[in-house]
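Listed below, chain by chain, are the residues.
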Amino acid sequence: MAFSISDLLVTDDLTILLGLIAGTVFLLRTFYRPQPLVHPILLGRQSEVAKVRNPGESAVYRNYGTGLMNRFPLRPHKDVHVLSDLVRSDLEAPRTLWSTKITNAALQDRVASFGTGLLRLANLQTQESNVLLLLNDCIEFLIADLALSSHSIPSMTLAASNLLSPVLDTHPPSAIITHAEFLPTLLELIYDAGEEGRHHTIVVVGEPSSRVMASVASKVKVLLWTDVEREGFKVPKIMSPLPKPSDVFSVSFFADSDGHVQGTQITHTNITAGVAAIHALFPVSALLSSLDTIVSSHSLGGTYGRAIAYVAIFEGTSFATTESFKLFRADEVTGKQDVADVLSAQLHTIPSATILFLKPAHVDALVDAILREAKKSLVLNAFAWRHKNASISEGFVSKDTLWDRLVYDAARANVIGEGAGTVRTVIVGEGLLSANVLTPARVALSCPIIHTLTHPTVAGPAFALHALDLQDFSTAEEDPTKSFAPVGPPTVSIEAKLLGVDDSAVEDGADPTGILVVRGPPVTKQLSGEDLESSSGYVNVRTGESTSSGNADDDDGWVNLGFKIRVLTNGSFRVVA
Amino acid sequence: MAFDVGTPINTALLLFILYSVQKIVFPSTSLPKEIPHEFRNGYSWLPKSHQPTVLFKTYTPKTLAPFHGKDNGRILLAINGIVFDVTAGRNFYGPRNFAGRDASKGMAKQSFDLDMLTPIDQPLDKLTDLQPDEIDNMKGWVEHFSNKYIVCGKLVENDVA
C-alpha cells in the first residue's frame, strides 16, 4: 500500500480550523434548538378519566387540573357571588368599554342610577317583571344587565334578530330596551301582533326622530335612556335584596341546529363559573390583567359572548366587539366575517387589542390575508415559512424571532394595521377550525391560538386546548382538510362523557366515539318544552330528548350539546365531522 | 493557506460541517408517516392506549363466584349489593372466604366465619336479622371500600340478570 496510517491521519492548521468549526456547528445544532413552550410529557395526559364506566357510555372526563375528586371552581375569586360582584370596586384605574372611558366606581354609579330610574319610571317589580334587551353590544347593554340583575328582574336576550317575533309571542316582556334606529321596526311588530290592552314600555337608547315619536300609540310608553338615568341619579337609590347566586338573571334565546327556538336560563353561578373557566384558559405566565384589551366577535346576547364581556369587566380590561354582529339595525345588511370586521372593533377608542375572541371564519380570513402578504417577499418567505414550521413542530412559537422581524411583522402590519404587534392570544369559538388551518394560523399570527368548543347553553368554553399546546397531528397519509382541529380537554369546571359508545370497540382499545353530554356549573338550564309552546300550539323539542338512552337529557343534569365527538388517547377531544 | 482537502480528516470534517449547516439552514418540514407514541420521538405525540376503565356490570352470585383470584385474576367482592374490585388489596382479600362472594353479613358482624356466606345458588341474604349498629358498621365498610377501591358493578339475584 502506498499510504500508511500516519499519512492518513496527517493534520495541519486547516484541520484545527475545521475541527473548531465542526465543534461549534455541532454544539449549535444540539443545544440551540427551540425549547417547547410546554413540555410534551404534560400534553400526554390532559384529562382525568374516571375508573368505571356504564355500558354504552364512556367514562366521565374532567380537566387534569381539576381532577376527579375536587369540586369545580364556581367563581374566579372567593368574594364574587353575584353578577354585581364582578365589578370590583378595588380596581381604580379607568378602562375603555367600547368608546366610553370609565372607572369601576363610575360604572357602579351608572348601574345604580339606571336601575332606580327604571324601577320608578317603568313601574317594574322585582322578581315579577321581565325586560327584553334588544340592544347591540354597547355599554348600555351591560349597564342594563347589571342593573336588572341587582334588582332580581330577569332580562331576556336574543342571539339572532329573527327570533324576535316568536319571543314576543311566547314571553311578552314588561319592558323593552332598544336602540333608536330599531324603534320603528319594533313598533311595527308590536302593532302587528295586535295585542289589545297590553301596555308596552320601551326605553330607547339614543334620540328617536320626532316622526317616530309621533307614531307611537297611546298604549305604548316610550322613555329615553338618558331621562331614566337622570331620574335615577336625582333620587335616593332603591335598594333591593341581594339576589342568590342560583337565581336566574337572564334568559337567552337562540336557534338550535334544527332551527327551533330554544331558551336557556342563565344564573349568577353560571356566569361566575364561566368567568373562572375563561380565566383558567390563560397560562400562569400570561394571565389576563387590566393592561389587556379584549376584542370579541361574539354577541352579548348569547351566553358565550356574555361570559367574555363579564371576564373583561372582572379583570378590568378594555373591551369592544366587532361590527358584524349588530343584531338590530335599521338596514338589512348582514355583516361579513372577515378581516375588515375584526378591524372594525378598533374604530372604538380602545387601546390596541391584545386578546382576540374570534370565530373560525375570521381566523381563516386573517390567516389567508397575512400569508398572502408574506408571500410577496418570495425568497425570504420560503425560508421563514420553513423555519417557523420547524420550530412549531418542536413546540415553540414566538413573535420575536428573526423571521418575524424579516417577514411576518410587516405582513401583519399591512393586514391588521399598527395594532398588529400587540395581539398576544387568539381564542377561537362558536365554530370549528379545520385541522389544516391551525399550524398556518400559528405561523401567521405567531401567538398561541386556543381552539375551543362552545355551545349556546354553556357560559364560557366547554372544551379548550391548553394555551401553549402547539401539537399538530396531521401525518403524511391522511387528508387534513377533512377533519376538525382537536378542541382539547374539558375546561376546569366541566365534566363530560360520551353516549352511544360501542363497548366492544372500546374494550379493544379503540378511541371512544359518541354523542357528547356535559355537566357542570357553567352549563345553563334550558327552558322545557311547555314554556316554548308558540301560539300555534307547536311544541319545540329540545335536542336532548333524542338521546339513545331514552331519558330526558337533564337526568342528573347532563346536557346534550349535539356534537359527535371522539376522545384521543391523551385526553383531548376532537369533533367528528 | 492552501485549501487542500486531500487529507481525509479535513474532508471528513468539511463534509460534517456542510451537512450540519445544511440542516440548520434548511430544517426538515416533512410530516411524519404516523403519529409517534413516545414524547421523545416527537412533539406531537399520542400515548399508545387510553387510560384503563372498567365496565359497570350486573353480577349474580353465580357470575361473581369466578372472581376469587385463585388464578391471579381479578378479585371482586360484594357488600350491600355493590360490587367492588379489590384486586389491589390482594393480600387482604385474596383467595379466601369472601372473594367472589357477597360479604355483607360478614362485614356487618365483623366476622370471617364461613357461615356468614350464603351458598351461591340460594337467594341473596336479605340481612333482615342484623342489628342497627351492625347495619351502620356495614355502611361504614361500604364507605371505606368506595374510597379505596373501584365500584364496578351491582349484585342481583340469580334469575334476575
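Refer to the structure printed above.
These lines cover the structure that appears in this document, whether it is placed above or below. The model shown is predicted, which means the values in this text are computed figures rather than measured ones.

Before going further, it helps to spend a moment on the overall build of chain B. Counting its secondary structure elements, chain B contains five helices and five strands. Beginning at the N terminus, the succession of helices and strands in chain B can be written as α-β-β-α-β-β-α-α-α-β. Since a compact globule built from 161 residues should have a radius of gyration of about 15 Å, the 31 Å found for chain B marks it as more spread out than a globular shape. Projected onto its principal axes, the C-alpha coordinates of chain B cover approximately 105 × 30 × 30 Å. Going through the 161 residues of chain B one by one, you find that 37% of them count as buried. Sequence separation of 24 or more characterises 57% of the internal contacts of chain B that already satisfy a separation of 6 or more. Surface accessibility of chain B: about 9500 Å² in total, with carbon and sulfur atoms responsible for 57%. Here chain B contributes 17 positively and 17 negatively charged side chains, and the mean placements of these two sets differ by 7 Å.

All names here are of chain A. Contact pair helix α13 (residues 378–393) / helix α14 (residues 402–416): the axes reach a minimum separation of 10 Å and the direction vectors enclose 130 degrees. The angle between α13 and α14 falls in the class oblique. When you trace α13 past α14, the crossing you get is left-handed. Residues Leu380, Asn381, Phe383, Ala384, Trp385, His387 and Lys388 of α13 form the contact with α14, whose own contacting residues are Trp403, Asp404, Leu406, Val407 and Tyr408. Looking at the contact of α13 with α14 residue by residue, the class counts come to eight nonpolar, two polar and two charged.

Attention shifts here to helix α9 (residues 268–279) of chain A. Residue and element names in this part refer to chain A. With twelve residues, α9 ought to run about 16 Å at 1.5 Å a step, and its terminal C-alpha atoms sit 17 Å apart, in line with that. Buried residues dominate α9, accounting for eleven of its twelve residues. Turning to α9, its buried residues are His268, Thr269, Asn270, Ile271, Thr272, Ala273, Gly274, Val275, Ala276, Ala277 and Ile278. In this fold, the buried residues of α9 make contact with α4 (139–150), β11 (248–255), β12 (261–267), α10 (303–315) and β15 (355–358).

Residues apart from glycine generally show negative phi values, whereas peptide bonds are mostly found in trans. Residue and element names in this part refer to chain A. The backbone of tryptophan 98 shows a phi angle near 50 degrees, a positive value even though the residue is not glycine. You can see tryptophan 98 is positioned in the loop between β4 (95–97) and β5 (100–102). Here glutamate 430, not a glycine, exhibits a phi torsion of approximately 55 degrees, which is positive. Tracing the sequence through the fold places glutamate 430 in the loop between β16 (425–428) and α15 (435–445).

Each side of the interface is counted separately: chain A has 62 residues, and chain B has 45 residues. When chain A packs against chain B, the two sides together hide about 4300 Å² of surface, and 70% of this comes from carbon and sulfur. The largest contributions to the chain A side of the interface with chain B come from Arg29, Arg386 and Thr569 of chain A, which together make up 15% of the buried area. Counting across the chain A and chain B interface gives zero salt bridges.

Attention shifts here to α4 of chain A. Residue and element names in this part refer to chain A. In this model α4 runs 17 Å from its N-terminal to its C-terminal C-alpha over twelve residues, within 8% of the 16 Å that 1.5 Å per residue would give. Where burial is concerned, most of α4 is hidden: eleven out of the twelve residues are buried. Positioned one or two residues after α4, serine 152 has a phi angle of 55 degrees, which is positive.

This brings us to the sheet that holds strand β5 (residues 150–155) of chain B. Residue and element names in this part refer to chain B. Ordered in space as β2-β5-β4-β3, the four strands form an open sheet in which the pairing is mixed. Bordering the open sheet on either side are β2 (57–59) and β3 (76–79), each of which pairs with just one other strand. Pairwise comparison of adjacent strand axes, ignoring direction, gives a mean angle of 40 degrees for this sheet. Of the strand pairs in this sheet, β3 and strand β4 (residues 82–85) are connected by four bridges, and their pairing is antiparallel. Residue leucine 77 lies in a different strand from β4, and its bridge partner there is phenylalanine 84. In this fold helix α5 (residues 132–148) packs onto β3, β4 and β5, with an angle of close to 140 degrees to the strand it touches most, β3.

With that settled, the discussion passes to the nonpolar core. All names here are of chain A. Among the nonpolar cores identified, the biggest contains 106 residues, and Phe114, Ile177, Ile294, Tyr310 and Val426 are the most heavily contacted of them. Look past the residues within four positions of tyrosine 310 in its chain and what remains in contact with it is Leu83, Leu86, Leu142, Asp145, Leu146, Ile271 and Val275. Val49, Ala59, Leu498 and Val523 belong to the second-largest nonpolar core, a separate cluster that totals 28 residues.

With that settled, the discussion passes to the environment of proline 490 of chain A. Residue and element names in this part refer to chain A. In this fold, proline 490 is placed in the loop between β18 (463–464) and β19 (495–499). Here proline 490 falls in the buried class, since its relative accessible area comes to 0%. Taking the C-alpha atoms as reference points, proline 490 and alanine 413, 77 residues apart in sequence, are found 35 Å from one another. With sequence-adjacent residues up to four places away left out, proline 490 is seen in contact with Ser47, Tyr61, Arg62, Asn63, Ala462, Phe463 and Phe573.

Residues and elements named next belong to chain A. Looking at chain direction, β19 and strand β20 (residues 513–519) are connected through five bridges and run antiparallel. For leucine 498, the partnering residue across the bridge sits in β20 and is leucine 516. The sheet contact formed by β20 and strand β22 (residues 559–567) spans five bridges and is antiparallel. Within the sheet, the bridge partner assigned to valine 518 lies in β22 and is valine 559.

A separate point is a nonpolar patch on the surface. Where nonpolar side chains cluster on the molecular surface, the patch consists of Leu28 and Tyr32 of chain A together with Val21, Ile24, Val25 and Phe26 of chain B and spans about 540 Å² of accessible area. The dominant element in the nonpolar patch, judged by the number of residues it contributes, is helix α1 (residues 8–25) of chain B, at three residues. Considering the arrangement of structural elements, one finds phenylalanine 26 of chain B in the loop between α1 and β1 (54–55). Residue classification places phenylalanine 26 of chain B among the partly exposed positions, given a relative accessible area of 37%.

All names here are of chain A. Evaluation of the coordinates by the stated rule reveals 18 salt bridges over all chains. Put simply, aspartate 292 and arginine 424 hold a salt bridge, and the shortest N to O gap is 2.9 Å. In this pair, aspartate 292 sits in the loop between α9 and β13 (293–296) while arginine 424 sits in the loop between α14 and β16, placing the two residues 132 residues apart along the sequence. Of the residues examined, aspartate 292 reaches a relative accessible area of 6% and is grouped as buried. The shortest N-O distance in the salt bridge between lysine 376 and glutamate 373 comes to 3.0 Å. By relative accessible area, which is 60% here, lysine 376 ends up exposed. Members of the salt-bridge network, linked through shared partners, are Lys388, Asp404, Asp409 and Arg412.

Rules used in this analysis
- Residues numbered from 1 in each chain as written.
- Chains lettered and ligands numbered in written order.
- Predicted model: local features only at pLDDT ≥ 70, side-chain atom pairs only at ≥ 80, totals over all residues.
- Heavy atoms only, no water.
- Helix = DSSP H or I, 4+ residues; strand = E, 2+ residues; numbered from the N terminus.
- Rg over C-alpha atoms; globule rule 2.2 N^0.38 Å.
- Buried < 20%, exposed > 50% of the residue type's maximum accessible area, 1.4 Å probe, protein only.
- Contact = heavy atoms within 4.5 Å.
- Areas by Shrake-Rupley, 256 points an atom, 1.4 Å probe, with all protein chains shown as cover.
- Lys, Arg positive; Asp, Glu negative; His and termini not counted.
- Charge placed at Lys NZ, Arg CZ, Asp CG, Glu CD.
- Axes fitted to C-alpha atoms, helices over the stretch in contact; angles between N-to-C directions.
- Parallel < 35°, antiparallel > 145°, perpendicular 65-115°, else oblique.
- Left-handed = near helix turned anticlockwise from the far one by under 90°.
- Nonpolar A, V, L, I, M, F, W, Y, C, P; charged D, E, K, R; others polar.
- Expected span 1.5 Å × (residues − 1).
- Buried area = accessible area lost by both parts, 1.4 Å probe.
- Salt bridge = Lys/Arg side-chain N within 4 Å of Asp/Glu carboxyl O.
- Pairing = 2+ DSSP bridges.
- Core = buried A, V, L, I, M, F, W, Y, C linked by side-chain atoms within 4.5 Å.
- Patch = residues over 30% accessible without salt bridge, like charges linked within 9 Å, V, L, I, M, F, W, Y side chains within 5 Å.

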